[in-house]
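Descriptive structure summary
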Amino acid sequence: MAKGSKEALVFTRNIGIMAHIDAGKTTTSERILFYTGLTHKIGEVHDGAATMDWMEQEQERGITISSAATTANWKYNDKTYKINLIDTPGHVDFTVEVERSLRILDGAVAAFCAVGGVEPQSETVWRQADKYKVPRIGYVNKMDRSGANFYEVVRQVKEVLGANPCPIQIPIGAEEKFKGVVDLIRMKALYWHDETMGAEYHIEDIPADLVNEANEWREKMLETIAEFDDVLMEKFFDDPSTITEDEIRSAVRKGTLSMQINPMICGSSFKNKGVQPLLDSVCAYLPSPVDTEAIEGTDPRDSEKVVVRHPDPNEPMCALAFKIATDPYVGRLCFFRVYSGELEAGSYVYNSRSGKKERISRLFQMHSNKQNSRDFIGCGDIGAGVGFKDIRTGDTLCDENHPIVLESMDFPDPVIGIAIEPKTQKDLDKLSVGLAKLAEEDPTFTVKTDEETGQTVISGMGELHLEIIIDRLKREFKVEANQGRPQVSYKEAITKAVELREVYKKQTGGRGKFADIIVRVEPADPDFDGELQFIDEVKGGNIPKEYIPAIQKGFQRAMKNGVLAGYALDKLKVTVIDGSYHPVDSDQLSFEICAMQAFKNACEKAGPVLMEPIMKVEVVTPEESMGDVISDLNKRRGQIEGMESNRSGARIVKAKTPMSEMFGYVTSLRTITSGRATSTMSFDHFEEVSPSIARQVLTEIKGRVDLIK
């Protein structure tokens, strides 16, 4: 295709593979690379040799940490399709990786384990895909495993996820007898050859014992998709045998793109069965960049003005940076998705957040952690660039003459922190460089210096998250660091309204400082969405209008440090009722300082409380250990919210538990269940801490215990 051709976009697919941990996402990606000819040897996760899991920590632990991007080509219906594939992590500590990948994808493959079915993290990623309106195909993997049941997974997708699964295949056999699939569209059986590593399969008639079942599921499929095509609907009622394969595919595609159905297929990626039909389905049913609606943004010069960009190479350039990575050979790599126009190597782009122009020295198409140099990255494509001096995740890159800000991504606040210090003095500089680079890559990882102790505190989404960060410091930046014990990231809040007058007066040799305000400080309204709910009720110019923003700024700054122990307040309502000023001595700084003092004095009287992060915990345990698991969670101040059984007879315990009680939980769970239980934990919300525990915490961190009633 010629450069800048819009036709090429029809044959591009930007997809991700998303699923619960251990559903086989990376194994499926490895098979896709093998069958599309990108690799000549299949990399296995359990051997630590997967291409997509290129970080050493990923290979050792057998989990995906960072989303890897790769580009492959696949022939379908005599046309070559370009597939940009992103393999996302399944572990809950790395949800931000999934979130930012979904933000820029057009479609996704939701992989499910044929034994585990819909697991906790499958729900999380499914909801994230709903949020970003990403159409998806369901792929039931691990059909060769003992206990595999395709139909049960389809039922769970319908009931647990509230989706509309539409099987377009059914399995031939299951567990060790899984041989192939019945294609319900062509009504043929596909069998894979074990001796060719699944690279070949042959097509036969449907085995006699499966004909009735195949007919029944075909009818269900036709009934589901008939609503998306009037001609098909007519034929379905008059004479279903006249429906053509193309008509079925077209209706399945329409239903998938409108997110009203999810085609379901199955296979066993590890046994090399079912991957080619999965690639065919990606090309047939998932959207190309042209199928997605135009992307909307705002004009940085006027935030009320909506700006639209269509997937067209001739429109002004617009791209979203969705990931920053540090590469040992080329330095800082920025991954981006081009929504309109095209990006050329050596050209200048405008960053609408920083307001600066940057030159992109080189462009790459990615293959996991290797780069293939490119002269340009076209519209609808995903690529990476080098040469940015100031770039962050979520930045919009655009044409300077046609600026646009695309909606940025929101990331959750970290919930756990650890103090770290270099082992030797010469590690000191390397530590700060390494931490700065890692914080740039990962928006859920923050670094700050504790003003009182001078310690460097790193914070993240969970123990595993911080463990990986410290491991990366050691390997990539050659920094040896000592770490303190984990600390919870608390927050503060107030419980009642306080009205007070604050006067700030300072007389020096020259001009003095003067500000006088009467404010009411109280908890924010329940439906208020934001941090500071600020209301100005000053009448008659008692405080000139130009000083009001300074009062607001003072409260905003003060909210970062609460009165109990310096933890931030998430929400606050402040009403400025009245005040006075001095024609000579008053200025904006005086009112800002006055507001900060008013915050401190008001919050001390407003019933301050400590808020702690509460985690959502799910434990899958054998029946016989359930009592021990529940009593252990109760000891950790856990609220048990429900118990269910899964198909393999194990019990699922759901609970909400304070983060502070969950350190080292994985190890103690192994002990009480002899290593047979698994758990997932994710942040849920902040909740008030009881006075007795608040006193304990504040005594330990030398906070204001006297303010806890």
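In the block above lies the structure referred to throughout.
Parameters and conventions
- Position numbers for residues count from 1 along each chain, tracking the sequence in the order it is written.
- A pLDDT threshold of at least 70 governs which residues receive local features in this predicted model, and a stricter bar of 80 or more applies before side-chain atom pairs are shown or counted, although totals over entire chains, interfaces and linings include all residues.
- In computing side-chain values, all of the structure's heavy atoms are included and hydrogens and water are not.
- The pairing criterion for strands is at least two bridges between them, as found by DSSP.
- Helix and strand assignments follow DSSP, with helices taken as H or I runs no shorter than four residues and strands as E runs no shorter than two, numbered in order from the N terminus.
- Salt bridges are defined as contacts in which a side-chain nitrogen from Lys or Arg sits within 4 Å of a carboxyl oxygen from Asp or Glu.
- The classification of residues rests on relative accessible area computed with a 1.4 Å probe and restricted to protein chains. Under 20% of the type maximum is buried, over 50% is exposed, and intermediate values are partly exposed.
- Whether two residues are in contact is decided by their heavy atoms: any pair within 4.5 Å suffices.
- Throughout, an axis means a line fitted to C-alpha atoms (over the contacting stretch in the case of helices), and angles, computed between N-to-C directions, take values from 0 to 180 degrees.
- Roughly parallel covers angles under 35 degrees, roughly antiparallel covers those over 145, roughly perpendicular covers 65 to 115, and oblique covers all other angles.
- Should the near helix be turned counterclockwise from the far one by less than a right angle, the crossing is left-handed, whereas a clockwise turn marks it as right-handed.
- The nonpolar class holds Ala, Val, Leu, Ile, Met, Phe, Trp, Tyr, Cys and Pro. Asp, Glu, Lys and Arg form the charged class, and all remaining residues, Gly among them, are polar.
- To estimate how far a helix should reach, multiply one less than its number of residues by 1.5 Å.
- Taken from the helix axis, the directions to the C-beta atoms give the arc we talk about.
- Note on terminology: disulfide denotes any pair of cysteine sulfur atoms within 2.5 Å.
- Any residue with relative accessible area above 30% and no salt bridge may belong to a patch, with like charges joined within 9 Å and the nonpolar Val, Leu, Ile, Met, Phe, Trp and Tyr side chains within 5 Å.
- Each accessible area is a Shrake-Rupley result for a 1.4 Å probe, and residues are judged covered by the shown protein chains and nothing else.
- Lys and Arg are tallied as positive, Asp and Glu as negative. Neither His nor the chain termini are counted.
- Just so you know, the charge point we use is NZ for Lys, CZ for Arg, CG for Asp and CD for Glu.
- Two rings belonging to Phe, Tyr or Trp (six-membered ring only in the last case) form a pair when the distance between their centres is within 6.5 Å. Interplanar angles under 30 degrees mark stacking, angles over 60 mark edge-to-face geometry, and anything in between is tilted.
- Comment: the charge-over-ring label is applied if NZ (Lys) or CZ (Arg) is within 6 Å of the ring centre and within 35 degrees of the ring normal.

Time to look at the pairing of strand β12 (residues 295-299). Bridge count for β12 against strand β13 (residues 302-309) is 5 bridges, and the pairing is antiparallel. If you follow G297 over to β13, its bridge partner there is V307. Hairpin geometry of β12 and β13 is characterised by an intervening segment of 2 residues between the two adjacent antiparallel strands. Note: β12 against strand β24 (residues 405-406), 2 bridges, orientation antiparallel. Within β24, the residue paired with T298 across the bridge is V405.

Take the sheet that holds β13 next. As summarised here, the arrangement of the 3 strands in space is β13-β12-β24, forming an open sheet in which the pairing is antiparallel. Across the chains shown, the open sheet's two edge strands, defined by having one partner strand only, are β13 and β24.

This part is about the pattern of salt bridges. In total, this model carries 41 salt bridges according to the counting rule given. Here R155 makes a salt bridge to E159, at a shortest N to O gap of 2.5 Å. Of the two residues, R155 and E159 both sit in helix α6 (residues 150-159), 4 residues apart, roughly one turn of that helix. On the basis of relative accessible area, E159 is assigned to the exposed category, the value being 55%. Here the salt bridges share partners, and the residues they tie into one network are K600, E604, R704 and D706.

Okay, the side chain of N14 next. Examined against the element boundaries, N14 turns out to sit in strand β1 (residues 12-18). Given a relative accessible area of 0%, N14 falls into the buried group. Non-local contacts of N14, meaning those with residues more than four positions away in its chain, are made with N84, L105, D106, G107, P289, R337, G380 and I382.

A few words on the packing of helix α7 (residues 211-225) against helix α9 (residues 245-257). Closest axis-to-axis distance for the α7/α9 pair is 9 Å, and the angle between their directions is 55°. The pairing of α7 with α9 is recorded here as oblique in orientation. The element α7 and its partner α9 pack so that their crossing is left-handed. Here α7 contributes R218, M221, L222 and I225 to the contact with α9, which in turn contributes I248, A251 and V252. Within the contact of α7 with α9, the residues separate by chemical class into 6 nonpolar, no polar and 1 charged.

Moving on, we get to the sheet that holds strand β8 (residues 180-183). Across the sheet, which stays open at both edges, the 4 strands sit in the order β7-β8-β9-β10 with antiparallel pairing between neighbours. Two strands in the sheet have a free side with no partner beyond their single neighbour: β7 (169-172) and β10 (201-204). Taken pair by pair, the neighbouring strands of this sheet meet at an average axis angle of 25°, ignoring direction. Here strand β9 (residues 188-192) runs beside β10; their pairing, made up of 4 bridges, is antiparallel. The residue of β10 that forms the bridge with W192 is Y201. Running at roughly 125° to β9, helix α10 (residues 275-285) makes contact with β7, β9 and β10 of the sheet.

Helix length check: α7 (15 residues) gives 21 Å between terminal C-alpha atoms against 21 Å at 1.5 Å per residue, within 8%. Of all the positions in α7, only A214, W217, R218, M221, L222, T224 and I225 are classed as buried. What you see down the axis of α7 is that its buried residues fit within an arc of 160°, all on one side.

The bond known as a disulfide is covalent and runs between the sulfur atoms of two cysteines. Overall, the coordinates contain 0 disulfides when judged by the stated rule. Here C398 stays free of any disulfide, with the sulfur of C318 as its closest cysteine sulfur at 6.9 Å. Its relative accessible area of 1% is what places C398 among the buried residues.

Okay, unusual backbone geometry next. Unusually for a residue other than glycine, K142 sits at a positive phi of about 65°. Among the structural elements, K142 can be located in the loop between β5 (136-141) and α6. For E175, which is not glycine, the phi dihedral falls at a positive 55°.

Attention now moves to a negative patch on the surface. A cluster of acidic residues, D230, E234, D238 and D239, forms a negative patch on the protein surface. Mapped onto the elements, D238 comes out in helix α8 (residues 230-238).

Mapped onto the secondary structure, S489 falls in the loop between β29 (487-488) and β30 (491-494). Discounting chain neighbours no more than four positions away, the residues touching S489 are P414, V415, I416, G417, S459, P613 and F686.

Right, let's get into helix α17 (residues 691-700). Regarding α17, the residues found buried are A694, V697 and L698. End-on view of α17: buried residues confined to an arc of 95°, all on one side of the axis. For α17, the exposed residues set more than 90 degrees away from the buried face come down to Q696, T699 and E700. Those residues of α17 hidden inside the fold are in contact with β35 (608-621). In the segment just after α17, K702 is the residue with positive phi, at about 55°.

Within this structure, the stated rule accounts for 11 aromatic pairs. Aromatic pair Y490 and Y567: ring centres 5.7 Å apart, planes at 55°, arrangement tilted. In this pair, Y490 is assigned in the loop between β29 and β30 and Y567 in the loop between α13 (548-558) and β34 (572-580), connecting sequence segments 77 residues apart. Taking the relative accessible area as the measure of exposure, Y567 reaches 19% and is therefore buried. These aromatic residues form a ring-pair network of at least three members: F11, Y76 and Y81. Its end group placed over the ring of W217, K220 keeps NZ or CZ at 4.0 Å from the ring centre. Here the guanidinium or amino end of R374 rests over the ring plane of F376, the centre of that ring lying 6.0 Å away.

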